[in-house]
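Here is what each chain is made of, one letter per residue.
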Amino acid sequence: MAKRDYYEVLGVSKGASKDEIKKAYRKLAVKYHPDRNPGNKQAEESFKEATEAYEVLANEKKRQAYDQFGFQGVEGMGGAGPQDYSSVFRDFEDIFGDFTGFFDSFFGGGARTRQGGRSRSSARRGSDLRYDMQIPFEQAVFGTKMDISFSRNEACSTCQGTGADKGSSKRICPTCGGSGQVRRSSGFFSIASTCPACNGEGEIIEKPCAECGGRGQVRKKRKIKVTVPAGIENGKRISIHGQGDGGTNGGPHGDLYVYIHVLPHEYFQRDGFDIYCAIPISFSQAALGAEILVSTLEDKRRVRLKIPSGSQNGKILRLKNEGVPHLHNPNRRGDMYIKLIVRVPTKISGRARSLLEELATVSGEDSNPSPVRLSDLE
């Protein structure tokens, strides 16, 4: 199979700068790296192809020879064969200098010193935790305070978080020599991975603490009071700083995120800061108009609602400032919307029947009504 042009491989023009070539190679190396594509021969070949192209185009003399004479121009210069690829990988810090964080996580590494070793005393922040809280509809509207219990990792009080038993200490890991990494060869390149003996710490504990087993942390239950602000919506979260897992090597605690799940209400529904409900009224109340008392979200509190005469079934009335308090301004509230449901009696007395028949005669009911426009129903 014929070789592809090196510029084509990296996807750059012949006038590309060295930085553009380096950037293009970074992208391809990350995409096709064998550790990211285990067992994928096509990806491995693409990785080799990109590395070969970079090894030539990143070298000023080799690039000049390639531009002038093509592949033949770099034969014998160590640019067209796999035997010289190791030089590319010995200088990963140069090629991927601004991608250190990515490659640390990609190869299982951690914070490193400039010499490639691991910083054994680097403090690490603890993990964030999640807590799912269910609250009634009314408590989401008006706010509340609730006690919650959860478990988190905390520094072991016996060893003060060191993981070492009393009188014991840490020593340099003999497997990695304190670097926190071991290297393995794979064909023409080598890959650094986390040392399995010390888990990348660069140190091992001679005699682990009996309380925490050398972890330096123990699992403990914690109980705190959470303030739920008035007006919070379903699915929102409350961030509580410093209540997550404890850090290692003196690092700070992570945060606790409390996710709010609002239980549905039997009668009310929320839309933003407004609430909606349906109220049944009688035929005579709808026809003649009336003044009724309707329930609100506040316990045992009712407000007066005036029903205009001639109100139709489904008519919506509004009560101002009876909705949900605004999350960041509790003095400001939404509105309450009430949908009128006109109930037609299913059982009527003889006297009521006579009156209704008389009403039908007086009002001249239409026995041949035309359809109602659908737009009028919206």
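The residue numbers shown here count from 1 along each chain, following its written sequence. With pLDDT at 70 or above as the cut-off, local features in this predicted model cover only qualifying residues; side-chain atom pairs require 80 or more to be listed or tallied, and sums for whole chains, interfaces and linings still use all residues. Processing note: side-chain calculations cover all non-hydrogen atoms of the structure and skip hydrogens and water entirely.

A. Spatial organisation of the overall build of the protein chain. Secondary structure elements follow DSSP: runs of H or I no shorter than four residues count as helices, runs of E no shorter than two count as strands, and numbering proceeds from the N terminus. In terms of regular secondary structure, the protein chain is built from ten helices and 17 strands. Between buried and exposed lies partly exposed: a residue is buried under 20% and exposed over 50% of the maximum accessible area for its type, with that area taken using a 1.4 Å probe on protein chains only. Expressed as a percentage of the 378 residues in the protein chain, the buried residues total 37%. Counting contacts in the protein chain only where the partners sit at least 6 residues apart, residues at least 24 apart contribute 63% of the total. Of the roughly 23,600 Å² of accessible surface on the protein chain, a fraction of 47% belongs to carbon and sulfur atoms. Residues are treated as being in contact if the distance between any of their heavy atoms lies within 4.5 Å. To measure how exposed things are, a 1.4 Å probe is used in the Shrake-Rupley method; for residues, cover is taken only from the protein chains shown.

B. Representation of the confidence of the model for the protein chain. Confidence along the protein chain averages 84 in pLDDT terms, with 85% of residues attaining 70 or more. Confidence of the predictor at the level of single residues is given by pLDDT, which spans 0 to 100. Taken as a whole, residues 79–94 scores under 50 in pLDDT and shows 34 contacts with residues more than four places along the chain or in a different chain. Across residues 97–120 the pLDDT falls below 50, and counting only partners more than four positions away or on other chains, this stretch makes 50 contacts in the model.

C. Spotlight on the sheet that holds strand E11 (residues 274–282). A pair of strands is considered paired only if DSSP assigns at least 2 bridges between the two. Sheet architecture is open: four strands sit in the order E10-E11-E17-E14, paired in mixed fashion. Single-partner strands in this sheet number two, and they are strand E10 (269–271) and strand E14 (316–319). Taking each pair of neighbouring strands and ignoring which way they run, the sheet shows an average axis angle of 35°. Summarising the sheet, E11 and strand E17 (residues 336–343) pair through eight bridges and their orientation is parallel. Each residue of the ladder has a partner; that of Pro280, found in E17, is Ile341. In this analysis, axes come from line fits to C-alpha atoms, helices being fitted only over the stretch in contact, and the angle between any two N-to-C directions falls in the range 0 to 180 degrees.

D. Quick peek at the environment of Glu322. Here Glu322 is to be found in the loop between E14 and strand E15 (325–326). Spatially, the C-alpha atom of Glu322 lies 5.2 Å from that of Met336, the residues being 14 residues apart in sequence. Residues in contact with Glu322, not counting those within four places in the same chain, are Ile275, Thr296, Glu298, Arg301, Val303, Arg333, Gly334, Asp335 and Met336.

E. Quick look at unusual backbone geometry. In this structure, Gln160 is a non-glycine residue whose phi angle is positive, near 60°. Topologically, Gln160 is positioned in the loop between strand E2 (144–155) and strand E3 (170–172). Unlike most non-glycine residues, Asn199 shows phi in positive territory, near 55°. With respect to the helices, strands and loops of the structure, Asn199 is situated in the loop between strand E5 (189–194) and strand E6 (203–205). Relative accessible area serves as the criterion here: at 59%, Asn199 is assigned to the exposed category.

F. How the structure looks around the packing of helix H3 (residues 41–57) against helix H4 (residues 60–69). Two elements in contact, H3 and H4, have axes separated by 6 Å at closest approach and are oriented at 100°. For the element pair H3 / H4, the angle class is roughly perpendicular. Along the contact surface, H3 presents Glu55, Val56 and Leu57, while H4 presents Lys62, Arg63 and Tyr66. Residue polarity follows a fixed list, in which Ala, Val, Leu, Ile, Met, Phe, Trp, Tyr, Cys and Pro are nonpolar, Asp, Glu, Lys and Arg are charged, and the others, Gly among them, are polar. Residue composition of the contact of H3 with H4, grouped by class: three nonpolar, no polar and three charged. In what follows, roughly perpendicular refers to angles from 65 to 115 degrees, roughly parallel to angles under 35, roughly antiparallel to angles over 145, and oblique to any angle outside these ranges.

G. View of the packing of aromatic side chains. Aromatic pairs are defined between Phe, Tyr and Trp rings, using the six-membered ring for Trp, whenever the two ring centres lie within 6.5 Å; interplanar angles under 30 degrees are classed as stacked, those over 60 as edge-to-face, and all others as tilted. In this structure the tally under the stated criterion is six aromatic pairs. Seen in terms of ring centroids, Tyr6 and Tyr66 are 4.7 Å apart; in terms of plane orientation they differ by 35°. Their pairing is tilted. Residue Tyr6 is found in helix H1 (residues 6–10), and its partner Tyr66 is found in helix H4; the two are separated by 60 residues along the sequence. You can call Tyr6 buried: its relative accessible area is 2%. Geometrically, the ring pair formed by Tyr276 and Tyr337 is stacked, given 5.1 Å between the ring centres and 15° between the ring planes. Here Tyr337 lies in strand E17 and Tyr276 lies in strand E11, a separation of 61 residues in the sequence. Judged by its relative accessible area of 32%, Tyr276 falls in the partly exposed class. Ring pairing ties together the aromatic residues Tyr6, Tyr7, Tyr66 and Phe71, which thus form one cluster.

H. Up close: H3. In a regular helix each residue adds 1.5 Å, so 17 residues correspond to 24 Å; H3 covers 24 Å between its end C-alpha atoms and thus fits that length. For H3, the N-terminal cap is Asn40; the gap from its side-chain oxygen to the backbone nitrogen of Gln42 is 3.1 Å. Expected helix span is given by 1.5 Å per residue-to-residue step, counting one fewer step than there are residues. Polar contact is the term for a pair of N or O atoms within 3.5 Å; when the atoms are in protein, one must be able to donate a hydrogen and the other to accept it, and sequence-neighboring residues count only if both atoms are side-chain atoms.

I. The arrangement of the sheet that holds strand E8 (residues 237–240) in detail. Read across the open sheet, the three strands follow the order E1-E9-E8; overall the sheet is mixed. The sheet is open, and its two edges are formed by strand E1 (129–135) and E8, each paired on a single side. Across the sheet, the axes of successive neighbouring strands diverge by a mean angle of 25°, strand direction being ignored. Where E8 meets strand E9 (residues 256–262), four bridges bridge the pair, whose relative direction is antiparallel. When the sheet's bridge partners are listed, Arg237 is paired in E9 with Tyr259.

J. Local environment of the nonpolar core. Core analysis: the biggest nonpolar cluster contains 37 residues, and Val226, Val258, Ile260 and Ile338 have the highest contact counts within it. Each residue touching Val226, except ones within four places of it in the same chain, is listed here: Met133, Thr144, Lys145, Met146, Ile148, Ile238, Ile240 and Val258. Residues belong to one nonpolar core when they are buried, are Ala, Val, Leu, Ile, Met, Phe, Trp, Tyr or Cys, and are joined through side-chain atoms within 4.5 Å.

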